[in-house]
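Here are the chains, one letter per residue:
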Amino acid sequence: MDSDRAGLRERKKRETRIALSWAAIRLTVERGFDNVRIEDIAAEAGVSTRTFSNYFGSKGEAIVAREHDRARAIAAALRERPAGEPIWEAITQAALEGFALGEPMPEKQVSDQAWVAGLRLMIAEPALQGEFQKAGLAVRAELELVVAERTGTDAGRDVYPRLVAGVVGAALNVVTQQWLGAEPSQSLESILRDVFGRLAAGLPAPR
């Protein structure tokens, strides 16, 4: 019974953290970074500012929290892929699974030009670059360990897991940028498969 209560508490904490992060993203996209206060984010998520402070130290942390979650989700998905699966096939499938964080791929939102414009501004916001950089480092750190496990290499010594993790992090950024900028719009899944397919093929020059 105690374990059930503990599990319920952890689930509620996780749900609150996600709700706060999505509220921060949604309000920033709609209003712009400078026009969103912590009080606004807390109210949007239906919690107090004190609760917000229990989870995040700033609105920037709240906005980028989903990037950290995505890094962990992709790494966890990669760890679960079949051991004999080729590395880039495994990474592609893990990225497809982890990128959406178990939620529907947000294809409908990309057709909303106001939403897309707001996302572009949010991603380019100077005040958020430090937080996005931290998220990028989180992606690489998580992936280095898993790639090393799958390939029998040493994440602290060998170049291969570091190189793959760095390439994957850069590729995910390209996927996001392409998804937001493609005209006509393309599905996130098709872009991700295209990007990682090119990597798996050795990144040959376009014909």
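Residues numbered from 1 in each chain as written. Predicted model: local features only at pLDDT ≥ 70, side-chain atom pairs only at ≥ 80, totals over all residues. Heavy atoms only, no water.

Enquirer: Quick one: what's the story with the overall build of the chain, residue by residue and with numbers?
Expert: Within the chain one finds 9 helices and 0 strands. Reading the chain from its N terminus to its C terminus gives the helix and strand order α-α-α-α-α-α-α-α-α. The globule rule puts the C-alpha radius of gyration for 207 residues at 17 Å, and the 18 Å found for the chain is close to it. Dimensions along the principal axes, computed over C-alpha positions, put the chain at roughly 50 × 50 × 30 Å. In the chain, once contacts between residues fewer than 6 apart in sequence are set aside, the share between residues at least 24 apart is 65%. Accessible surface for the chain amounts to roughly 11700 Å². Of this, 52% is attributable to carbon and sulfur atoms. (Helix = DSSP H or I, 4+ residues; strand = E, 2+ residues; numbered from the N terminus. Rg over C-alpha atoms; globule rule 2.2 N^0.38 Å. Contact = heavy atoms within 4.5 Å. Areas by Shrake-Rupley, 256 points an atom, 1.4 Å probe, with all protein chains shown as cover.)

Enquirer: So what about the UniProt feature "domain: HTH tetR-type" (unreviewed entry) in the chain? Which residues, and what values?
Expert: The UniProt feature table records "domain: HTH tetR-type" (unreviewed entry) at residues 14–74. For residues 14–74, the end-to-end C-alpha separation is 18 Å, with 80% helix and 0% strand making up the annotated structure. (UniProt positions renumbered as here; feature names shortened; annotations may be inferred.)

Enquirer: I'd like to hear about the environment of Val 175, residue by residue, with values.
Expert: Here Val 175 shows up in helix α8 (residues 159–181). The exposure class of Val 175 is buried, given its relative accessible area of 0%. Along the chain, Val 175 and Glu 142 lie 33 residues apart, while their C-alpha atoms are 19 Å from each other. When near neighbours in sequence (up to four residues on either side) are disregarded, Val 175 contacts Leu 188, Ile 191, Leu 192, Val 195 and Phe 196. (Buried < 20%, exposed > 50% of the residue type's maximum accessible area, 1.4 Å probe, protein only.)

Enquirer: Before we move on, could you go through the UniProt feature "DNA-binding region" (unreviewed entry) in the chain and cite the residues and values that matter?
Expert: Taken from the UniProt record, the annotation "DNA-binding region" (unreviewed entry) applies to residues 37–56. Helix makes up 75% of residues 37–56 and strand makes up 0%, while its end C-alpha atoms are separated by 13 Å.

Enquirer: Could you give an account of helix α4 (residues 59–80), with specific residues and numbers?
Expert: The end-to-end C-alpha distance of α4 is 33 Å, a good match for the 32 Å that 22 residues give at a rise of 1.5 Å each. Along α4, the sharpest kink reaches roughly 35 degrees, centred on Ala 65. (Expected span 1.5 Å × (residues − 1). Bend = angle between axes of the 7 residues up to and from the residue.)

Enquirer: Which residues make up helix α6 (residues 113–124), and what are the values?
Expert: Taking 1.5 Å of rise per residue, 12 residues should cover 16 Å, and α6 covers 17 Å from first to last C-alpha, within 8% of that figure. If you check which residues of α6 are buried, you get Trp 115, Val 116, Gly 118, Leu 119 and Met 122. Buried residues along α6 cover an arc of 160 degrees about the axis, so they all sit on one side. With respect to the buried face of α6, the exposed residues turned more than 90 degrees away are Gln 113, Ala 114, Leu 121 and Ala 124. (Arc of directions from axis to C-beta.)

Enquirer: For unusual backbone geometry, give the residues involved together with the corresponding values.
Expert: If a residue is not glycine, its phi is most likely negative; likewise, a peptide bond is most likely trans. Phi angles above zero are rare outside glycine, and Leu 203 is one such case at about 55 degrees. Mapped onto the elements of the fold, Leu 203 is located in the segment after α9 (188–200).

Enquirer: Run through the packing of aromatic side chains, naming residues and quoting values.
Expert: Counted according to the given criterion, the structure contains 2 aromatic pairs. Considering the side-chain rings of Phe 52 and Phe 56, the 5.8 Å spacing of their centres and the 55 degrees angle between planes classify their relative orientation as tilted. Between Trp 88 and Phe 196, the aromatic rings sit 6.5 Å apart at their centres with planes inclined by 45 degrees, giving tilted as the arrangement. Residue Trp 88 is located in helix α5 (residues 87–99), and its partner Phe 196 is located in helix α9; the two are separated by 108 residues in the primary sequence. Lys 59 extends its terminal NZ or CZ atom over the ring of Phe 33, reaching a point 4.1 Å from the ring centre. (Phe/Tyr/Trp six-rings, centres within 6.5 Å; stacked < 30°, edge-to-face > 60°. Lys NZ or Arg CZ within 6 Å of the ring centre and 35° of its normal.)

Enquirer: Describe the pattern of salt bridges, listing the residues and the values that go with them.
Expert: One pass over the structure, following the stated rule, counts 16 salt bridges. Arg 37 serves as the salt-bridge partner of Asp 40, at 3.0 Å between the closest nitrogen and oxygen. The exposure class assigned to Asp 40 is buried, which follows from its relative accessible area of 16%. One salt-bridge network, held together by shared partners, links Arg 17, Arg 66, Asp 69 and Arg 72. (Salt bridge = Lys/Arg side-chain N within 4 Å of Asp/Glu carboxyl O.)

Enquirer: Quick one: what's the story with the packing of α4 against α5, residue by residue and with numbers?
Expert: The N-to-C vectors of α4 and α5 enclose an angle of 135 degrees; their axes lie 8 Å apart at closest approach. On the basis of the axis angle, α4 is oblique to α5. For α4 against α5, the interelement crossing comes out right-handed. Where α4 approaches α5, its residues Arg 70, Ala 73, Ile 74, Ala 77 and Leu 78 are matched on the opposing element by Ala 90, Ile 91, Ala 94, Ala 95, Glu 97, Gly 98 and Phe 99. Grouping the amino acids of the contact of α4 with α5 by side-chain chemistry returns 9 nonpolar, 1 polar and 2 charged. (Axes fitted to C-alpha atoms, helices over the stretch in contact; angles between N-to-C directions. Parallel < 35°, antiparallel > 145°, perpendicular 65-115°, else oblique. Left-handed = near helix turned anticlockwise from the far one by under 90°. Nonpolar A, V, L, I, M, F, W, Y, C, P; charged D, E, K, R; others polar.)

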